[in-house]
Amino acid sequence: MGEDIKLSDDAAKLAAFFMLRLESNLKAFEKVDSSIYEEFKDYSENNYFLIFDDEGRVNLLDASSGGLVYDKNPYEQIINNLETYRKSPIFNSAICINGEKPKEGNPNFVHNTLVYNIGQAQAKVLSRSLIDRINRDNDTNPYQISSAIRASDDVKDLPVEVGSMVCLSIGLGFDVEKLYLEHDIANLYIIEPDKDVFYASMQLVDWKKVIDKMEAKGFTISIMLSDDFDELLGLFSHSVSLVGRHTLGGCYIYSAFFKECYSDLFEGLKNRISRDLTAGFGFYDDSRMSVAHTYHNFKNKIPSIKKDFSVNKDFGQKDVPVFVVGNGPSLDKDLEYIKNNQEAAVVISCGTSLGALYHKNIKPDIYVELERPYDTVSLLENISDDIGDFLSDTIFVGMSQVHPDLFQFFGRGGQMPKDTESGSLLVRKLFADEGVSLVTGVGPSCVHSGFTVAVLLGFRQVYFFGVDMGYRSSEHHHSKYSIYNQMNDERKEAYTPKLKGASEFEPNFGDEVVYSSGFYPMYKVKLDQIVSAFVKAFPKNMKVYNCSDGAKILGAEPVHSFDLDLNPLEINKASMLQQIYESHFSYVADDLALKEIETEIQQSIEVVDDVCNWFQDVIYPVETVPEAQSLLDKISYGFQEDKELISDDDAWIYTIFNGSVLYCLSAVSNMLYFPTDENVRISSFNMAMESVREFFVLLRDDYKKGAMTAYDHSIHYF
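Because the structure is predicted, anything quoted here is derived from the model rather than measured.

## Regarding the overall build of the protein chain
Across its full length, the protein chain carries 24 helices and 21 strands. Residues classed as buried in the protein chain amount to 58% of the 718 residues present. In the protein chain, of all internal contacts separated by at least 6 residues, the share reaching a separation of at least 24 is 77%.

Pasting the structure below:
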């Protein structure tokens, strides 16, 4: 690597070749991606320089070290790396083959029936041994997109047709050019942290030939250039959104050029795919419940949060401490502190943390709930027979999709329409002019809701308790006083996480790492984003303190409860809370407004019926992978862009379908490009698409009878 560099007698010819290739590539990029052209038309390297030895072999010189990046024969080294990869490609699998067949009446029956049936089709693609290995490694819920796997003896080489491929750095590019020209890669994402390296490829790779194939085939190539890893991941997410998130369900990951400093980027890329782009889709049953529950909450005259700048909403709460209480395992150590200081702060109980607070006779000032199933009602009832008396002075703030029966336990309650919910989008459409607005940052868990509710109600001094966002022991994943420890053995087992394959997070205190598994790592990432965004939005007076002995939260200052020194409130807390409640939750639907909601839902039944018919008509058996991909594209783009299906005025109806459609397209795309026999893939694809067709029959009938009916089934937890 540190050998002397000698120029050959043909140096002038090679230099001329580099220049001609660069000019040709610049012209090609100028037509399809002017940003690449502008970046490199007058580019000068900073650290990596393209050189060639006395035998005409090109290499990269690392000016900072004075050494060469590749061995004596870079081309051979690069191509050998490619051939090794092609025999054992890294594949992002969207597996849903676990789980039992759902029973009618269970939560999310319609969506989970679809997932189960697609899983049966996937089982045809995978050998039994590989299924068993995935089941062992996948400690998530039965229907979650699993992480990337590496091919083994059970699977074959990289297929000729590839739906999506993510390439981390281009290197000299010989392998990427060969890969692209010898395989049909529908969507190629190149993530390049070093512009010098990409500039080297501009002098070597025949990008014009690559671009010509891309245009001829109707493929896409997205090139992200930045030395800022966060910016790169943001650009990647944006590029994926333009093509369709479902395409990542069956994507391959390839690294053409790797440095140790890219480890964080590679880890961030895997997390972005698994925790963001292929997770958190939502699904039909949730959307149907959202519509029905929102309707009943408005029908029951539950006041909704209202945007009204003419109303005074400042009652001194910005200087009042607020305890946002989650149900993490570290809550136990702080319960006495919360009890002893509840008169020095406003206490917000988030979801199931109420059980632990009740155990210590800590009455929350505000209770926050996000979830919609009837189980939320059952869980409260199971805490105690006198739970209604216990909560009589507590203000309940529920997102609009919560079960209507929850409000009966509280003396006062208000609702907040959540930004992405079908029911919330419905009422925003009808009553935006009345001040009904959507609330963001309240998911995916009740802790997220509790924090955002605190900020929206005007509090600026927030303290987290039991907001662990993970665990250190799989046996102690929630407060020991919480409802989870009262569940039957079957439900306890379902909620017990496994350390194998878990993500690791930096601890809030000490050196012992905090684990999180399944889709829960996404919860921590989302809370980081929400907290840091509010701290940035209110830099002068927003303070967030994390007293939880769990994961460190971005934007929150770690502080032990025993180091806090809070004084009793100088204002009347009850009076302040009543004023906050009345000033914020002031929109109540009258009979005319309720009639508008009912009419809108009745009309949506007709639209849903038409959309289901469209899906059934568009699905047909395919014979080749390109034909199958064309069908997926037609479904994805047609569903999103056909205004005759769902008009802009009815955009909220789109959300009824979007989650389940995205989920099934991701899973079906996965089996289409899995590295195994093409005939098996096509057969399984057709089997899965028939399940999709049946799903829309089930959805149509379910929505027709349930769009205005509150969901009253409950899982047997105890």
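Once you've had a look at it, read on.
## Digging into unusual backbone geometry
Most peptide bonds take the trans form, and the phi angle of most residues other than glycine is negative. The residue after G443, namely P444, is reached through a cis peptide bond having omega 15°. Mapped onto the elements, P444 comes out in the loop between α16 (422-431) and α17 (446-456). Even without being a glycine, N361 presents a positive backbone phi close to 55°. Locating N361 in the fold gives a position in the loop between α13 (353-359) and β13 (366-369). Notably, M469 is not glycine yet its phi reads approximately 55°, a positive angle. The residue M469 is located in the loop between β16 (461-465) and α18 (489-495) in this model.

## Notes on the environment of D264
Residue position: D264 is located in helix α10 (residues 263-277). The class of D264 is exposed, set by a relative accessible area of 62%. Taking C-alpha positions, D264 is 8.2 Å from F229, a pair spaced 35 residues apart along the chain.

## Observations concerning the packing of aromatic side chains
Under the definition given, this model contains 43 aromatic pairs. Among the aromatic residues, those joined into a ring-pair cluster are W614, F615, F639, Y654, F657, F695 and F696. Directly above the aromatic system of Y180 lies the positively charged group of K213, at a separation of 5.7 Å from the ring centroid. The residue whose ring lies beneath K524 is F505, and the NZ or CZ to ring-centre distance is 5.1 Å.

## Regarding α17
Of all 11 residues that make up α17, 10 are buried, and the element is covered over most of its length. Taken together, the buried positions of α17 are occupied by C446, V447, H448, S449, G450, F451, T452, V453, A454 and V455. One or two residues past the end of α17 sits G458, with phi positive at roughly 100°.

## Quick notes on a negative patch on the surface
Among the surface-exposed residues, D227, D228, D230 and E231 lie close enough to one another that they form a single negatively charged patch. Position of D230 relative to the elements: it lies in helix α9 (residues 229-243). On the basis of relative accessibility, which here comes to 61%, the residue D230 falls in the exposed class.

## Considering the side chain of S384
Among the secondary structure elements, S384 is positioned in the loop between α14 (375-383) and α15 (387-390). Using a relative accessible area of 16% as the deciding quantity, one classes S384 as buried. A distance of 2.8 Å separates the side chain of S384 from the side chain of Y358, its partner in a polar contact. In terms of polar contacts, S384 uses its side chain to reach the side chain of D386, at 2.3 Å.

## Brief notes about the pairing of strand β1 (residues 48-52)
Taken across its 5 residues, β1 has 4 buried, putting it largely inside the fold. Two strands pair when backbone bridges link them, and β1 and strand β2 (residues 58-62) are joined in this way by 5 bridges, in the antiparallel orientation. Bridging from a neighbouring strand, F49 pairs with L61 of β2. Between β1 and β2, which pair antiparallel and follow one another directly, the connecting turn spans 5 residues, one of which, G56, has a positive phi of 80°.

## As for the nonpolar core
Residues M165, L172, F198, F236, F657 and Y703 are the most contacted members of the largest nonpolar core, which totals 137 residues. Excluding residues that lie within four positions of it along the chain, F657 makes contacts with V608, V611, C612, F639, F696 and L699. Core analysis: the second largest hydrophobic core is formed by 47 residues, F459, V467, I553 and A556 among them.

## Remarks on the packing of helix α11 (residues 284-299) against α16
Contact geometry for α11 and α16: axes closest at 6 Å, N-to-C directions at 50°. The orientation of α11 with respect to α16, classified from their angle, is oblique. Of α16, the residues touching α11 (which contributes S287, S290, V291, T294 and F298) are S422, G423, S424, L426 and V427. When the residues that make up the contact of α11 with α16 are grouped by side-chain class, the tally is 4 nonpolar, 6 polar and no charged.

## Here's the deal with the sheet that holds β2
If you trace the 3 strands from one edge of the open sheet to the other, you get β1-β2-β3, paired in antiparallel fashion. Looking along the sheet, the strands with just one partner apiece sit at the ends: β1 and β3 (67-68).

Reading the values: the criteria
- Residues numbered from 1 in each chain as written.
- Predicted model: local features only at pLDDT ≥ 70, side-chain atom pairs only at ≥ 80, totals over all residues.
- Heavy atoms only, no water.
- Helix = DSSP H or I, 4+ residues; strand = E, 2+ residues; numbered from the N terminus.
- Buried < 20%, exposed > 50% of the residue type's maximum accessible area, 1.4 Å probe, protein only.
- Contact = heavy atoms within 4.5 Å.
- Phe/Tyr/Trp six-rings, centres within 6.5 Å; stacked < 30°, edge-to-face > 60°.
- Lys NZ or Arg CZ within 6 Å of the ring centre and 35° of its normal.
- Patch = residues over 30% accessible without salt bridge, like charges linked within 9 Å, V, L, I, M, F, W, Y side chains within 5 Å.
- Areas by Shrake-Rupley, 256 points an atom, 1.4 Å probe, with all protein chains shown as cover.
- Salt bridge = Lys/Arg side-chain N within 4 Å of Asp/Glu carboxyl O.
- Lys, Arg positive; Asp, Glu negative; His and termini not counted.
- Charge placed at Lys NZ, Arg CZ, Asp CG, Glu CD.
- Polar contact = N/O pair within 3.5 Å; in protein donor to acceptor, adjacent residues only side chain to side chain.
- Pairing = 2+ DSSP bridges.
- Core = buried A, V, L, I, M, F, W, Y, C linked by side-chain atoms within 4.5 Å.
- Axes fitted to C-alpha atoms, helices over the stretch in contact; angles between N-to-C directions.
- Parallel < 35°, antiparallel > 145°, perpendicular 65-115°, else oblique.
- Nonpolar A, V, L, I, M, F, W, Y, C, P; charged D, E, K, R; others polar.

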